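Here is how the chains run, residue by residue.
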Amino acid sequence: MLNRQTSDRPDQAEVVQLDDVMLEACGPILRAQLMTEAAMLAEAFAPEGRAEQLRAMAATLASGARDEEMDRERARRLACALRCLARESEG
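A short tour of the structure in this document, coming up. What you see is a predicted model; the values in this text were computed from it and never measured.

1. Let's talk about the side chain of Asp19
Relative to the assigned elements, Asp19 resides in helix H2 (residues 18-24). Look at Asp19 and you get buried, because its relative accessible area is 11%. Residue contacts for Asp19: discarding those within four places in its chain leaves Cys80, Arg83, Cys84 and Arg87.

2. Structural notes on the nonpolar core
Within the largest apolar cluster, 22 residues are counted, with the highest numbers of intra-cluster contacts made by Leu23, Leu34, Ala38, Leu54, Leu61, Leu78 and Leu82. Filtering out sequence-adjacent residues up to four positions away, Leu23 remains in contact with Arg31, Leu34, Met35, Arg77, Cys80, Ala81 and Cys84.

3. Remarks on the side chain of Gln53
With respect to the helices, strands and loops of the structure, Gln53 is situated in helix H4 (residues 51-62). Only 2.9 Å separates the side chain of Gln53 from the side chain of Glu48, close enough to count as a polar contact. Not counting the four nearest positions on each side in its chain, Gln53 is found in contact with Ala46 and Glu48.

4. Quick word on the environment of Gln33
Tracing the chain through its elements places Gln33 in helix H3 (residues 28-45). Taking the relative accessible area as the measure of exposure, Gln33 reaches 43% and is therefore partly exposed.

5. Considerations on helix H5 (residues 72-90)
The end-to-end C-alpha distance of H5, which contains 19 residues, comes to 27 Å, matching closely the 27 Å that a straight helix rising 1.5 Å per residue would cover. Within H5 the residues assigned to the buried category are Ala75, Leu78, Ala79, Cys80, Ala81, Leu82, Cys84, Leu85 and Ala86. Looking at the buried side of H5, the elements it contacts are H2, H3 and H4.

6. Details of the pattern of salt bridges
If you walk through the whole model with that rule in mind, you get 8 salt bridges. We note a salt bridge from Asp19 to Arg83, for which the minimum N-O separation is 2.9 Å. Residue Asp19 is located in helix H2, and its partner Arg83 is located in helix H5; the two are separated by 64 residues in the primary sequence. Judged by relative accessible area, Arg83 falls into the partly exposed class, the value being 24%. Glu73 serves as the salt-bridge partner of Arg77, at 2.6 Å between the closest nitrogen and oxygen.

7. Some points on the packing of H4 against H5
Axis separation between H4 and H5 bottoms out at 8 Å; the angle between their running directions is 165°. The orientation of H4 with respect to H5, classified from their angle, is roughly antiparallel. Between H4 and H5 lies a crossing whose hand is left-handed. Of H5, the residues touching H4 (which contributes Ala51, Leu54, Arg55, Met57, Ala58, Leu61 and Ala62) are Arg72, Ala75, Leu78, Ala79, Leu82, Arg83, Leu85, Ala86, Ser89 and Glu90. Grouping the constituent residues of the contact of H4 with H5 by class yields 12 nonpolar, 1 polar and 4 charged.

Thresholds, definitions, all that
- Residues numbered from 1 in each chain as written.
- Predicted model: local features only at pLDDT ≥ 70, side-chain atom pairs only at ≥ 80, totals over all residues.
- Heavy atoms only, no water.
- Helix = DSSP H or I, 4+ residues; strand = E, 2+ residues; numbered from the N terminus.
- Buried < 20%, exposed > 50% of the residue type's maximum accessible area, 1.4 Å probe, protein only.
- Contact = heavy atoms within 4.5 Å.
- Core = buried A, V, L, I, M, F, W, Y, C linked by side-chain atoms within 4.5 Å.
- Polar contact = N/O pair within 3.5 Å; in protein donor to acceptor, adjacent residues only side chain to side chain.
- Expected span 1.5 Å × (residues − 1).
- Salt bridge = Lys/Arg side-chain N within 4 Å of Asp/Glu carboxyl O.
- Axes fitted to C-alpha atoms, helices over the stretch in contact; angles between N-to-C directions.
- Parallel < 35°, antiparallel > 145°, perpendicular 65-115°, else oblique.
- Left-handed = near helix turned anticlockwise from the far one by under 90°.
- Nonpolar A, V, L, I, M, F, W, Y, C, P; charged D, E, K, R; others polar.

Shown next as structure tokens:
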């Protein structure tokens, strides 16, 4: 007897970067603003542009550490932009 679950699976699964999806949902203007802001933060606080530095900044923002002027949603989106920069810096 064939196991129906294993026979109906597709041959390949699409890998989706959730950070990319979240940024795509922002729209082009906000996405451009977030990527610009992330690049400015990276230049100021991680001038070497190492991926681990960018991911550490993103983790800090995503964990809730932010100033009073930035709301939680903006901090999470900015964290996504920083992680995207980190992936780009790796190659």
